Amino acid sequence: MRALVLTGAPAVGKSTVGRLVATERPLAAFIDVDDIRHLVVSGHAAPWEGAEGLCQRRLGVRNGCAVAGNLLADGIDVVIADVLTDDTAALYRELLPEVLIVELAVEFGEAERRAGTRPVHLTPGEFRELHERQGEFSAGDVRVDTTGLSVRDAVARVRGIWR
């Protein structure tokens, strides 16, 4: 099985859908690359914060792919959640050659509604900017608009694509 990467702006459903898709498999892991990035506790830079943010964004991808590669080598399916750029998508493809990249999308108003139901660690400006930047992403294999979908329906769509 090839690794599955779910990407998209904040509150599109990457973590929710990714965890649920992984739990449906007989043996699977879920990797949230934000968790890996937050291993840097002193000097942490958000992915959009200049040169250091870019360096740590790429480091997060490399570390996430290293963990995924080890899991895949032992026969464990892998679902990864990360906000990709075309540049980081190319790095995923280099490090996990068979990777499937699925972009989840949602209308901005729906994303704001969803974000209001959970803790958000972004300023409103960062939240909006990340949504606007996602419009520039073109390196995915498949795009799924989750705006009108229930979580169950979004999981079913992604499951069908990943088969």
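Since the model is a prediction, treat every value here as computed from it, not as a measurement.

Caption draft 1: Spotlight on the overall build of the chain. The secondary structure content of the chain amounts to 7 helices and 5 strands. Taken over the C-alpha trace, the chain has a radius of gyration of 15 Å; the compact-globule value for 163 residues is 15 Å, and the two agree within 12%. When the backbone C-alpha atoms are referred to their principal axes, the chain occupies close to 40 × 35 × 25 Å. Burial statistics for the chain: of 163 residues in total, 45% are counted as buried. Within the chain, residue pairs in contact and separated by at least 24 positions form 76% of the contacts whose partners lie at least 6 positions apart. Charged side chains in the chain number 19 positive and 24 negative. The centres of these two groups are separated by 5 Å.

Caption draft 2: Focus on unusual backbone geometry. In the Ramachandran plot, A11 falls in the positive-phi region, its phi being about 70° despite a non-glycine side chain. Residue position: A11 is located in the loop between β1 (4–7) and α1 (14–23). Judged by its relative accessible area of 7%, A11 falls in the buried class.

Caption draft 3: Structural view of the pattern of salt bridges. Evaluated as defined, the whole model comprises 10 salt bridges. The residue D141 makes a salt bridge to R93 at a minimum N-O spacing of 3.1 Å. Linking D141 in the loop between α6 (124–134) and β5 (142–145) with R93 in helix α4 (residues 86–95), this pair joins segments that are 48 residues apart in sequence. In this structure, E103 and R143 form a salt bridge, with 3.8 Å as the shortest nitrogen-oxygen distance. With a gap of 40 residues between them, E103 in strand β4 (residues 100–105) and R143 in strand β5 connect regions that are remote in the sequence. Here E103 falls in the buried class, since its relative accessible area comes to 7%. In this structure R143 comes out as exposed when scored by relative accessible area, which is 55%. Three or more residues are tied together by salt bridges with common partners; here these are D34, R37 and D82.

Caption draft 4: How the structure looks around the layout of surface pockets. As a volume, the largest pocket reaches approximately 1,200 Å³. P10, K14, D34, V83 and L122 are, among the 42 residues lining the largest pocket, the residues nearest its centre. Classifying every residue of the lining of the largest pocket by side-chain character gives 18 nonpolar, 11 polar and 13 charged.

Caption draft 5: Structural detail: helix α5 (residues 108–115). Within α5 the residues assigned to the buried category are E110, A111, R114 and A115. Along the long axis of α5, the arc covered by the buried residues comes to 135°, so they all point the same way. At its buried positions, α5 is contacted by α6.

Caption draft 6: View of the environment of G53. Mapped onto the elements of the fold, G53 is located in helix α3 (residues 50–73). By relative accessible area, G53 is classed as buried at 0%. The sequence separation of G53 and D141 amounts to 88 residues, and the corresponding C-alpha distance is 26 Å. Among all residues touching G53, those that are not within four sequence positions of it are A45, A46 and P47.

Conventions and cut-offs
Residues numbered from 1 in each chain as written. Predicted model: local features only at pLDDT ≥ 70, side-chain atom pairs only at ≥ 80, totals over all residues. Heavy atoms only, no water. Helix = DSSP H or I, 4+ residues; strand = E, 2+ residues; numbered from the N terminus. Rg over C-alpha atoms; globule rule 2.2 N^0.38 Å. Buried < 20%, exposed > 50% of the residue type's maximum accessible area, 1.4 Å probe, protein only. Contact = heavy atoms within 4.5 Å. Lys, Arg positive; Asp, Glu negative; His and termini not counted. Charge placed at Lys NZ, Arg CZ, Asp CG, Glu CD. Salt bridge = Lys/Arg side-chain N within 4 Å of Asp/Glu carboxyl O. 1 Å grid on protein atoms, 1.4 Å probe; cavity = no way out; pocket = protein on both sides within 12 Å on 5 of 7 lines; lining within 4 Å. Points joined across faces, edges and corners; volume = space filled by probe spheres on them. Nonpolar A, V, L, I, M, F, W, Y, C, P; charged D, E, K, R; others polar. Arc of directions from axis to C-beta.

Read these as layout, nothing more, since geometry by itself doesn't imply function.
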